[in-house]
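Below, each chain spelled out in residue letters.
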Amino acid sequence: MYRGAGGAVVEVFPDSYLARYPTAVETVPFLHFWPGYTFYAVSSVGCNLACPGCVSAIVAADPRTLAGALVRLPPAEVVREAEAAGCRGILFCINEPAVSLPTALRLAEAAHDAGLLFGCSTNGYLGDDALCALASAVDCVNVGLKGATDACYRECGAASAGPAYLAVSHCYDAGVHVEVSAVYVRGRETEVLSAAEKVSAVDTGIPFQIMRFMPFSGGRQEKEPTACEAEDLAERVSSVLDHVYLFNTPGTDRLSTRCPVCGRTLIGRAFNGPMGARDTWAHRGERCECGARVPISGKITAERRPEPRYAGGYRPTRGLELIRSMLAAAGVTDRAVQGRVLAAELAGGGLSTLHERIATPRGFCSALRSYAAAGGRPDEGERLSSGLLAIASGIRDKTVGMGRPRVYLALGHPLAPLFADKPEISLISSAGGYPVNRNLGRNDGDARPVTAREVEALRPDVVFYQAVAPIDTETFARACLNLGVLAEAVERGAVHRFPTGKKTGCLGWAASIAAVAGLLHPGAGIPSPEEVEEEVLSCVRAVGGEIL
């Protein structure tokens, strides 16, 4: 990301951005800094660490793959975009600002000149001069901690943990609003507790975000903590720090901000994708009803602006990973070609409509054909799509005339339903079921929490749950009974983990249809998920593709 030129070190991609979009500040995430306000999120590519299971690997690990997607803009133009979008400020996030520090500093100056706030997410692994420059330029910073020991940081390619903790204390002493996010890897509870103790030595009021590890980008599955393990750790950390939050755990109540004096909820929040949250309710005013000051920087707004599914926080990286997986399945395996397709998708705003375009099997296959054609393999895309649709149609035909059981699908927690526009809902229909989630009349733009009464009124015949945070059926069923919902399905043993293809990556939805159909319509002659996966793999091999 830097090169030598005339005796100086200069950026390879100055004033160049991969992504620019308005998003809620909680998706970055900041929880105590201007809660509910919209900020303009920007990113470049590259990172100075290499962390196992990185959620941003597609933009951090191989910056030249996406170099063609970078758009060069002067700082003033980015500021104008942020102002036009009605943003309160600009946040450099998704990738590490240290690899584009001169760009970040120029943008910070332009933002402040225009009366906008400026902040960033960083791993804090900076030299002294760079840290001083960054701290003097930002209004807020989220420092992502990898652990508390040098050993943890060496796994990420660093020499020690010291610089990251220096970044926390230096920014705090400089008057910057500081929040901390600490990754929680299963078996490394002590690392998180030690990190919390180090942060508490600076100020016990610094918001501390526990990021439950999710095995992205080749991360090992066994390192992912369960929801219960994460909740237990958050409780332990709460004895050290005043404001402890738990991310990546649907259904948790540890995303909400409470009054440090009386315990009242001041800002209600819910899970919003990897490393993200969203407000569901906000207290109005600077003081709690008990008289205590609300512990935030700036102001609170209860307004919430809907945003595309693949915008905000780390969700764009998930969208890019999905597109790259679709390209590879259709035989577009050259990274440079993939990069060109991804660049065109970003330039054309395709991520903003990706969710809607892939919401059904037919829509997914249409998108697959389009990407394959963009990658120079239109015939292969057509053959693979036709094969996938034939598999899905064959399963659906076997369920015709057999009735449509009522099916409820939850996101790892009984009161966290998948909304009607999620692709998994259409898979239930393809499997011969009726998804009662549609009866909730909600979509992702609705911030209201779903109540136990609403879920109980759905009266499903069968319940599925997605194990976003590892959870077994017994634990999920027990949660249903404790909440007083879905008891009839639990008593009938009609609660199942939502099945996903284990060997077919982004094409695993075909095996999901088979597995769900087999449970809803036993005896209908539905092929097993394993048989369907072999069919899918045969289609992929026939076009010279690969599963990522």
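To keep things clear, this report deals only with the structure shown in the data block.

Definitions and limits used
Residues numbered from 1 in each chain as written. Predicted model: local features only at pLDDT ≥ 70, side-chain atom pairs only at ≥ 80, totals over all residues. Heavy atoms only, no water. Axes fitted to C-alpha atoms, helices over the stretch in contact; angles between N-to-C directions. Helix = DSSP H or I, 4+ residues; strand = E, 2+ residues; numbered from the N terminus. Parallel < 35°, antiparallel > 145°, perpendicular 65-115°, else oblique. Left-handed = near helix turned anticlockwise from the far one by under 90°. Contact = heavy atoms within 4.5 Å. Pairing = 2+ DSSP bridges. Buried < 20%, exposed > 50% of the residue type's maximum accessible area, 1.4 Å probe, protein only. 1 Å grid on protein atoms, 1.4 Å probe; cavity = no way out; pocket = protein on both sides within 12 Å on 5 of 7 lines; lining within 4 Å. Points joined across faces, edges and corners; volume = space filled by probe spheres on them. Nonpolar A, V, L, I, M, F, W, Y, C, P; charged D, E, K, R; others polar. Phe/Tyr/Trp six-rings, centres within 6.5 Å; stacked < 30°, edge-to-face > 60°. Expected span 1.5 Å × (residues − 1). Salt bridge = Lys/Arg side-chain N within 4 Å of Asp/Glu carboxyl O.

**Describing the packing of helix H2 (residues 75-84) against helix H3 (residues 101-113)**
- Running from N to C, H2 and H3 cross one another at 50°; their axes reach a closest spacing of 9 Å. Between H2 and H3, the interaxial angle falls into the category oblique. Seen from above, H2 lies across H3 with right-handed handedness. Residues Pro75, Ala76, Val78 and Val79 of H2 form the contact with H3, whose own contacting residues are Arg106, Leu107, Ala110 and Ala111.

**Here we look at the sheet that holds strand S13 (residues 257-258)**
- Judged by pairing direction, the sheet is antiparallel, and its 3 strands sit side by side in the order S13-S14-S15 without closing on themselves. Where the open sheet ends on each side, the last strands, each with one partner, are S13 and strand S15 (277-282).
- Examined bridge by bridge, S13 and strand S14 (residues 265-271) share 2 bridges and lie antiparallel to one another. Across the sheet, residue arginine 258 finds its bridge partner in S14, namely threonine 265.

**Quick word on the sheet that holds strand S7 (residues 89-92)**
- An order of S4-S5-S7-S8-S9-S10-S11-S12 is seen for the 8 strands of this open sheet, with the pairing classed as mixed. The open sheet has two edge strands, strand S4 (19-24) and strand S12 (244-247), and neither has a second partner. If you compare each strand with its neighbour and ignore which way they point, the axes differ by 20° on average.
- Summarising the sheet, S4 and strand S5 (residues 38-43) pair through 6 bridges and their orientation is antiparallel. In the strand pairing of S5, alanine 24 is matched with threonine 38.
- Along the sheet, H2 contacts S4, S5 and S7; its crossing angle with S5, the most-contacted strand, is approximately 145°.

**As for the pairing of strand S18 (residues 462-465)**
- Here S18 shows a buried face lined by Val462 and Phe464 and a second buried face lined by Val463 and Tyr465.
- Across 4 bridges, strand S16 (residues 406-410) lies against S18 in parallel orientation. Paired with valine 407 across the strands is valine 462, a residue of S18.
- In the sheet, S18 pairs with strand S19 (residues 495-497) via 3 bridges, with the strands oriented parallel. Bridging across to S19, phenylalanine 464 finds its partner in histidine 496.

**Topic: empty space enclosed by the protein**
- One pass over the full model with this rule turns up 3 cavities of 30 Å³ or more.
- Of the voids in this model, the largest cavity is the one considered here, and its volume is about 60 Å³.
- Val455, Glu456, Arg459, Pro460, Leu486, Ala487, Glu488 and Ala489 are the residues that line the largest cavity.
- Of all the secondary-structure elements, those providing two or more residues to the lining of the largest cavity are helix H15 (452-456) and helix H17 (487-491).
- Tallying contributions element by element places H17 first for the lining of the largest cavity, with 3 residues.
- For the lining of the largest cavity, the residue count by class is 5 nonpolar, no polar and 3 charged.

**With respect to helix H14 (residues 423-430)**
- Most of H14 sits out of view: 8 of its 8 residues are buried.
- Of all the positions in H14, only Pro423, Glu424, Ile425, Ser426, Leu427, Ile428, Ser429 and Ser430 are classed as buried.
- Buried residues belonging to H14 abut helix H11 (351-357), helix H12 (361-374), helix H13 (378-399), S16, strand S17 (434-435) and helix H18 (509-520).

**Considerations on the packing of aromatic side chains**
- Under the counting rule described, the total for this entry stands at 6 aromatic pairs.
- When the centroid spacing of 6.1 Å and the interplanar angle of 55° are considered together, the rings of phenylalanine 30 and phenylalanine 33 count as tilted. For the pair phenylalanine 30 and phenylalanine 33, a shared accessibility class is recorded, and that class is buried.
- Measuring from centroid to centroid gives 6.0 Å for phenylalanine 33 and phenylalanine 39, while their planes differ by 45°, and the two rings are tilted.
- In this structure phenylalanine 33 comes out as buried when scored by relative accessible area, which is 5%.
- For phenylalanine 39, a relative accessible area of 1% gives the class buried.
- Pairwise contacts between aromatic rings join Phe30, Phe33 and Phe39 into one cluster.

**Quick look at the environment of leucine 415**
- Relative to the helices and strands, leucine 415 resides in the loop between S16 and H14.
- Accessibility expressed as a relative area gives 23% for leucine 415, which makes it partly exposed.
- Each residue touching leucine 415, except ones within four places of it in the same chain, is listed here: Val450, Thr451, Ala452, Val455, Leu483 and Val485.

**Re H3**
- When the terminal C-alpha atoms of H3 are compared, their 18 Å separation across 13 residues agrees well with the 18 Å that a helix rising 1.5 Å per residue should span.
- Residues of H3 that are buried include every one of Leu101, Thr103, Ala104, Leu107, Ala108, Ala110 and Ala111, and no others.
- Glycine 115, located one to two residues past H3, shows a positive phi value of around 85°.

**Some words on the pattern of salt bridges**
- In this structure the tally under the stated criterion is 20 salt bridges.
- Between glutamate 235 and arginine 254 there is a salt bridge; the shortest N-O distance is 2.5 Å. Residue glutamate 235 is located in helix H8 (residues 227-237), and its partner arginine 254 is located in the loop between S12 and S13; the two are separated by 19 residues in the primary sequence.
- Judged by its relative accessible area of 47%, glutamate 235 is partly exposed.
- Residue classification places arginine 254 among the buried positions, given a relative accessible area of 18%.
- Three or more residues joined by partner-sharing salt bridges are found here, namely Glu11, Asp15 and Arg106.

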